[in-house]
Amino acid sequence: MARAATTADTFNAVAEPRRREILDALTQGERPVNELVTLLGLAQPHVSRHLRVLREVGAVVVRDEGRQRLYRLNPQALKPIHDWVASYQHLWEERFDLLEDVLEDLKEEH
Amino acid sequence: MAQASSSTMDVTFPSDTEILITRTLNAPAHLVYRAWTTPELVKKWWPGRRGEMTVAAMDFRVGGAWRYVMVAHGEFQVAFHGTYREIVPNERIVHTEVMEMPGTAPDSEEGAVLNTVTFDGADGGATTVRIRTDAGSKEVRDMIAQSGMEGGVREQFEIIEELAASLT
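Nothing here was measured: the structure is a model prediction, and the numbers come from that model.

### Quick look at the pairing of strand E7 (residues 113-122) of chain B
All names here are of chain B. Bridge count between strand E6 (residues 92-99) and E7: six bridges; the pairing is antiparallel. Bridging across to E7, Arg92 finds its partner in Thr118. Bridge count between E7 and strand E8 (residues 126-134): nine bridges; the pairing is antiparallel. Within E8, the position partnered with Asn115 by the bridge is Thr133. Two successive antiparallel strands, E7 and E8, enclose a turn made up of three residues, where Gly124 displays a positive phi of approximately 70 degrees.

### Considerations on helix H1 (residues 29-37) of chain B
Buried residues dominate H1(B), accounting for seven of its nine residues. The set of residues buried in H1(B) consists of Ala29(B), Leu31(B), Val32(B), Tyr33(B), Ala35(B), Trp36(B) and Thr37(B).

### Notes on the pairing of strand E2 (residues 18-25) of chain B
Within a regular beta strand, the side chains point alternately toward one face of the sheet and then the other, so they alternate between its two faces. Residues and elements named next belong to chain B. The element E2 is extensively covered by neighbouring structure, given that eight of its eight residues are classed as buried. Burial of E2 is two-sided: the residues Glu18, Leu20, Thr22 and Thr24 facing one way and the residues Ile19, Ile21, Arg23 and Leu25 facing the other way are all buried. Where strand E1 (residues 10-12) and E2 come together, three bridges link them in antiparallel fashion. Each bridged residue has a counterpart across the sheet, and for Val11 the counterpart in E2 is Ile21. Strand direction decides the pairing type here: E2 and E8, joined by eight bridges, are antiparallel. Counted as the bridge partner of Ile19 is Thr133 from E8.

### Some words on the sheet that holds strand E4 (residues 65-72) of chain B
All names here are of chain B. Read from one edge of the open sheet, eight strands run E1-E2-E8-E7-E6-E5-E4-E3, paired in antiparallel fashion. Every interior strand has two partners, whereas the edge strands, E1 and strand E3 (51-58), have only one. Averaged over neighbouring strand pairs, the angle between their axes works out to 20 degrees when direction is ignored. Of the strand pairs in this sheet, strand E5 (residues 77-88) and E6 are connected by six bridges, and their pairing is antiparallel. Looking across to E6, one finds that Glu86 is bridged to Val94.

What counts, and at which threshold
Residues numbered from 1 in each chain as written. Chains lettered and ligands numbered in written order. Predicted model: local features only at pLDDT ≥ 70, side-chain atom pairs only at ≥ 80, totals over all residues. Heavy atoms only, no water. Pairing = 2+ DSSP bridges. Helix = DSSP H or I, 4+ residues; strand = E, 2+ residues; numbered from the N terminus. Buried < 20%, exposed > 50% of the residue type's maximum accessible area, 1.4 Å probe, protein only. Axes fitted to C-alpha atoms, helices over the stretch in contact; angles between N-to-C directions.

Okay, structure coming up:
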């Protein structure tokens, strides 16, 4: 199934495994591009392209320091994903809680 | 990851295509199994607190089909179906699961995930339930991720696990 063309969406942006690797690397702190290139073992243009997508959705922010461009994570941009995952998790928690009620009734029958 | 108490649900990622939910319930395995496999009982817990379950059809035998439909409080309908692959009473159920999208045939297995549910006796007459969802392939997993189907959350969970500390 072809991936949707747009990447102007956080869900889409993090669906790409390499971009998740970049985000993972940035959880350790701010990093310059060349460090990410080394860590990922990818050519710099590829890393830059992924970083551009992540910047477009706000998942990373960049600042210049001298000749270096430093990237860091912006967790707030990932909040929509967090919220969605949380609702999935809550659903199963609700199910299990209700299941406990059902089980209490079943136990009383015995 | 240690469980803080029997009421703690644990979510982990055993592989690139899988998600595993674990929860210990305070009842013996045969009763948990009954609650899991009896339509009138399934209706009481499966929709969570989000709506009413209108259909819980279970042809509960290997090769038999099941279909669950719920109407959410928001008035929209959500339906899932699949077939049973393996049934070991009080121990284990393996079944496929398809989230129905507009135009999905009722017997379609396209985009199905494979769920393995196990019921293991735990201390004090409790039962540990494990639900392992396997998307099977990256293609299917991606399709699930894009459709927003439940099993597709693995990727997102992975990120969230990494970022949990900074998201508070």
